[in-house]
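What the coordinates show
The lines below spell out each chain.
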Amino acid sequence: MAYLNENYLKLQAGYLFPEIARRVKEFCETNPDTAQRLIRCGIGDVTEPLPHAVVEAMKRAVDELGDRETFRGYGPEQGYEFLRSTIAQHDYRDRKIDVADDEIFLSDGSKPDCGHILDILGDQNKVAITDPVYPVYVDTNVMTGHTGPAKADGSFQGLVYLPCTAENNFVPQPPKEHVDLVYLCFPNNPTGAVARREQLARWVEYAREHEAILLFDAAYEAYISEPDIPHSIFEIPGARECAIEFRSFSKTGGFTGVRCGFTVVPKTLLARTENGRKLPLHPLWHRRWSTKANGVSYPVQRGAEAVYSTEGREQVRALVNHYMGNAKILREGATNVGLRVYGGTNAPYIWVKTPAGTTSWEMFDRMLNELNVVVTPGSGFGAQGEGYFRISAFNSRVNAEEVARRLGKLS
Ligand code: MLT
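So, how was this worked out
Residues numbered from 1 in each chain as written. Predicted model: local features only at pLDDT ≥ 70, side-chain atom pairs only at ≥ 80, totals over all residues. Heavy atoms only, no water. Near = heavy atom within 4 Å. Polar contact = N/O pair within 3.5 Å; in protein donor to acceptor, adjacent residues only side chain to side chain. Areas by Shrake-Rupley, 256 points an atom, 1.4 Å probe, with all protein chains shown as cover. Nonpolar A, V, L, I, M, F, W, Y, C, P; charged D, E, K, R; others polar. Pairing = 2+ DSSP bridges. Helix = DSSP H or I, 4+ residues; strand = E, 2+ residues; numbered from the N terminus. Axes fitted to C-alpha atoms, helices over the stretch in contact; angles between N-to-C directions. Contact = heavy atoms within 4.5 Å. Domains from an automatic or database assignment. Buried area = accessible area lost by both parts, 1.4 Å probe. Salt bridge = Lys/Arg side-chain N within 4 Å of Asp/Glu carboxyl O.

Regarding the site of the ligand
Surrounding the ligand, one finds Phe17, Ile43, Gly44, Lys111, Tyr134, Asn189, Tyr220, Lys251, Tyr349 and Arg390. Lys251 is positioned such that a nitrogen or oxygen atom in its side chain is 3.0 Å from an oxygen atom of the ligand. Measuring from an oxygen atom of the ligand, one finds a side-chain N or O atom of Arg390 at 2.7 Å. In the complex, the protein chains occlude 86% of the 270 Å² of accessible area that the ligand would expose alone. A class-by-class count of the residues in the shell around the ligand yields 5 nonpolar, 2 polar and 3 charged.

Describing the sheet that holds strand 6 (residues 213–217)
Strand order in the open sheet formed by 7 strands is 2-8-7-6-5-3-4, and the pairing between neighbours is mixed. Of all the strands in the sheet, just strand 2 (104–107) and strand 4 (160–163) have a single pairing partner and so form its edges. Each strand axis lies, on average, 20 degrees off the axis of its neighbour in the sheet, ignoring direction. Relative to strand 8 (residues 261–264), strand 7 (residues 243–248) is paired through 4 bridges, and the arrangement is antiparallel. Bridge assignment links Glu245 to a residue of strand 8, and that residue is Val264. Across the sheet, helix 6 (residues 197–210) touches strand 4, strand 5 (181–185) and strand 6, and the angle it forms with strand 6 is around 145 degrees. Across the face of the sheet, helix 7 (residues 282–292) comes into contact with strand 2 and strand 8 while running at roughly 25 degrees to strand 2.

Looking at the domain arrangement of the protein chain
Taken domain by domain, the protein chain consists of domain 1 (11–49 + 311–407) and domain 2 (55–309). Using C-alpha coordinates to define each centre, domain 1 is positioned 25 Å away from domain 2. Listed by partner, the interface residues are 33 residues for domain 1 and 44 residues for domain 2. With both sides pooled, the region where domain 1 packs onto domain 2 buries about 3,000 Å², and carbon together with sulfur makes up 60% of that total. At the surface where domain 1 touches domain 2, the tally comes to 0 salt bridges. Between the two partners, domain 1 and domain 2, sit 16 residue pairs in polar contact (both at pLDDT 80 or more). Every element with two or more residues in the side of domain 1 that touches domain 2 is listed here: helix 9 (310–336), strand 11 (341–343), strand 12 (349–353) and strand 15 (388–392). It is helix 9 that provides the largest number of residues to the side of domain 1 that touches domain 2, a total of 9 residues. Class assignment for the residues of the side of domain 1 that touches domain 2 results in 18 nonpolar, 10 polar and 5 charged.

Structure follows, in structure tokens:
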């Protein structure tokens, strides 16, 4: 009999969001009359339709594929030049950030890339993650065998956890000890916190001193509203030698179902072999894509390109403003009942302290049963998330207002 990957057996429960979906399904089956009232603010999934510019661009691309003269087969595995250059220009060079077209690698989203990146990194690396954290960073390291078994609190042996608490404004300092890889996500999922320039500069300094790599997830950068908050790790001098950045069209263009994101791997980023040679990672990531994938579909890449058109940018701005309008309403709703609220200013997530003595899952159950609102329990993001819950602002305005109204009923 063939052997299975036993690392998967270390993962205790299902992935957080399917687990929430399972509980919600069970609730709906048991309470069919209330199911209609349910408002989902759990997973951060967009609700508003795709920007018109994106829809039109995708339709044109499909028409091209339906015509012998303009038909295209396999595209470049790393993404079409038209999209790579558009991204590099608009997201980086227009903001005076040095990124070349061929340092952009298109994919079906930043979630998959956060997992795939481990393909080109050694198993010897000591990995640090923030706590609470987007569970993908942890679980993909568990699956790859980079951790020991789970401990009682759900954390894994072998990982270095960086506590993100109200005391440090949910932005951790670099650790005293040496680590090789650090996952950072700003604006942060789940806490909604942002890292200021000097905080990121400290991380870059740490990474350069320790020859470590920062795996920087900037999926929510479009939600930054305050000036002077970096949108990219590459705004920090020296980051090209120590960082990889993940970006996504999911939360900007509403692509959670369409699927498109990209990873920036600078050619100046080196990692070492077992015998001490220092080599660039860029060719390895290029090779990985050429071998394991055939890239993102042509209509989707044309849709992503349209996000950067004048019309597309206006429509994306309107989408972001819509969700951030919800965030404000939800923040106020939670604050008005005396809850302690974080986030929701530079990110579409509200991170809420549970009332004293209530665990995250107890609060999840209360919100589900009493208010018929689905939230995400903070403990699902890590031990330090215990005692918090997350409300997603991805919803219609009507629903956001209704959730704020229902929050008023919390005693
Ligand atoms: C979340 O709710 O944390 C996100 O939607 C998950 C994701 O982007 O994969």
